[in-house]
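If you want the building blocks of each chain, they are given just below.
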Amino acid sequence: MKALSLKNQNLTLCNTLSQPRPASDEALLKIRLAGICGTDLALLKGYADFCGVPGHEFVAEVLAVGDGVNNDWLGKRVVAEINQWCGKCEQCLRQQYRHCQHRRVIGIREHQGAFAEWLVVKVNSLHLIPDRIDDRQAVFIEPLAAAFRIVEQLQFHTYQEVLLVGAGRLGQLIARVMALQEKEIKIVARYERQRALLQRVAASCIDETEVKPKSADVTIDATGGEPGLLLALKATRPQGVCVMKSSFPTPLITDLTQLVIDEIQLMGSRCGDFTHAIAALEKGAIETESLIDGTCLLEDYQAAFTLAQKKGAMKVLIKPR
Ligand SMILES: [Zn+2]
Ligand SMILES: [Zn+2]
């Protein structure tokens with residue numbers, strides 16, 4: 001099959017991989033559309049030491065299933081949770097599947113990804129896509145679930161002012177989720193294009209220099225960089241919460257004493273429940289079309305990644321065929 005292959009930070013189009021076969025609890029998927037995410041760009045720079053087929057934001061069709069799986073799945077349009085869990089470890093027994101101790105992560109850790117014609121995943125990670133959600137919306141389910149994760153983790157009714165630092169691919173989705181919470185939200189957006197896209201969600205955009213210290217009950221860093229997190233921390237009000245969405249390739253060096261003095265909670269936030277994202281898209285509550293910068297065939301992956309790497313770029317989609 002045709003697939004993109006990452007090795008030693010070098011991405012190539014590879015034609016020699018064989019079509020994967022599903023085990024008894026797995027499904028063979030035909031990828032319909034996949035999206036390039038900031039994590040994919042980080043993988044190219046060596047993040048997670050990943051070697052193999054990248055890609056974890058996708059929509060697919062079930063082509064075949066293993067012998068232990070119900071045939072009803074055949075032909076269905078689906079998305080898959082990126083964390084492929086074991087079902088047996090301590091975290092899984094507590095139903096903390098996304099934190100499975102033995103998890104493999106699609107296109108990121110010990111699992112092939114979606115920049116390919118076909119992909120095999122565990123059936124227990126699949127979600128059916130309602131007809132009202134088209135493919136171009138469905139590729140956003142995974143990152144949108146990550147945006148909804150913040151709402152799952154925080155008791156939002158107890159907070160008023162929210163400051164989001166970063167208005168890139170994930171930031172735009174977080175802004176849309178926050179708009180649904182009817183909170184007063186300010187967003188630090190660097191680029192004119194990002195600000196224009198945020199007008200749709202009526203968020204008020206500010207400049208980095210306009211961020212007031214200790215001014216927000218909840219701050220969220222979605223910049224992917226250390227300065228963004230430090231800005232968010234500085235803007236967090238005493239007894240407030242600072243949400244970390246960025247992961248960093250090297251350890252942070254910063255003085256955390258202010259967290260003690262101001263009794264600030266620093267909260268990590270990663271993947272979310274797909275059902276919230278699917279429900280919001282089905283209702284038409286979240287708009288994503290304006291966030292798509294282009295669609296490329298798998299063969300044109302170089303153009304796709306060049307476009308995705310441009311400053312202020314949003315979502316670039318890849319079509320395997
Ligand atoms: Zn992603
Ligand atoms: Zn497990």
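Cut-offs and rules
Residues numbered from 1 in each chain as written. Chains lettered and ligands numbered in written order. Predicted model: local features only at pLDDT ≥ 70, side-chain atom pairs only at ≥ 80, totals over all residues. Heavy atoms only, no water. Donors = N, O, S within 2.8 Å, 3.2 Å for Na, K, Ca; no water. Buried < 20%, exposed > 50% of the residue type's maximum accessible area, 1.4 Å probe, protein only. Axes fitted to C-alpha atoms, helices over the stretch in contact; angles between N-to-C directions. Helix = DSSP H or I, 4+ residues; strand = E, 2+ residues; numbered from the N terminus. Parallel < 35°, antiparallel > 145°, perpendicular 65-115°, else oblique. Contact = heavy atoms within 4.5 Å. Pairing = 2+ DSSP bridges. Tetrahedral: all angles 85-135°; square planar, octahedral: opposite > 155°, others 65-115°. Domains from an automatic or database assignment. Buried area = accessible area lost by both parts, 1.4 Å probe. Salt bridge = Lys/Arg side-chain N within 4 Å of Asp/Glu carboxyl O. Polar contact = N/O pair within 3.5 Å; in protein donor to acceptor, adjacent residues only side chain to side chain. Nonpolar A, V, L, I, M, F, W, Y, C, P; charged D, E, K, R; others polar.

With respect to the coordination of the zinc ion (ligand 1)
Donor atoms from the polypeptide that coordinate the zinc ion (ligand 1) comprise Cys37 (SG), His56 (NE2) and Glu57 (OE), at 2.1 to 2.3 Å from the metal. Counting the intervening residues between successive donors of the zinc ion (ligand 1) yields the motif C-x18-H-E. As far as the burial class goes, histidine 56 and glutamate 57 line up, both buried.

A few points about the packing of helix α4 (residues 141-153) against helix α9 (residues 274-283)
Between α4 and α9, the least distance of the axes is 8 Å, while the angle of their chain directions is 110°. Here α9 runs roughly perpendicular to α4, going by the angle between their axes. Here α4 contributes Ile141, Glu142, Leu144, Ala145, Phe148 and Glu152 to the contact with α9, which in turn contributes Phe274, His276, Ala277, Ile278, Ala280 and Leu281.

Notes on the pairing of strand β16 (residues 292-297)
Sheet topology note: the β16/strand β17 (residues 315-319) ladder contains five bridges and is parallel. In the strand pairing of β17, leucine 297 is matched with lysine 319.

Thoughts on the coordination of the zinc ion (ligand 2)
With distances of 2.3 to 2.4 Å, the protein atoms coordinating the zinc ion (ligand 2) are Cys86 (SG), Cys89 (SG), Cys92 (SG) and Cys100 (SG). Of note is the zinc ion (ligand 2), whose four donor atoms meet at the metal with angles of 103 to 118° in an arrangement that counts as tetrahedral. Counting along the primary sequence, the residues that act as donors to the zinc ion (ligand 2) give the motif C-x2-C-x2-C-x7-C. Of the two residues, cysteine 89 sits in the loop between β6 (83-84) and α2 (90-93) while cysteine 100 sits in the loop between α2 and β7 (104-105), which places them eleven residues apart along the sequence. Here the two residues cysteine 89 and cysteine 100 agree in accessibility, since each one is buried.

Quick look at the pairing of strand β2 (residues 10-14)
Bridging between strand β1 (residues 3-7) and β2 involves five bridges; their strand directions are antiparallel. Counterpart to lysine 7 in the pairing with β2 is asparagine 10. Adjacent in sequence and paired antiparallel, β1 and β2 are bridged by two residues, among which asparagine 8 carries a positive phi angle near 45°.

Comments concerning the domain arrangement of the protein chain
Along its sequence, the protein chain is carved into domain 1 (3-140 + 288-319) and domain 2 (147-268). For domain 1 versus domain 2, the distance between C-alpha centres works out to 28 Å. Residue-level contacts link 17 residues of domain 1 with 14 residues of domain 2. Across the domain 1 to domain 2 interface the summed buried area is about 1,200 Å²; carbon plus sulfur atoms make up 55%. Sorting the residues of domain 1 by area buried against domain 2 places Ser290, Leu291 and Met314 first, and these three jointly supply 42% of that buried surface. Run the count over domain 1 and domain 2 and you get two salt bridges. One salt bridge in this structure joins arginine 193 and aspartate 293, with 2.6 Å as the shortest N-O distance. Here domain 1 is connected to domain 2 by three residue pairs in polar contact (both at pLDDT 80 or more). Per-class residue counts for the side of domain 1 that touches domain 2 are nine nonpolar, four polar and four charged.

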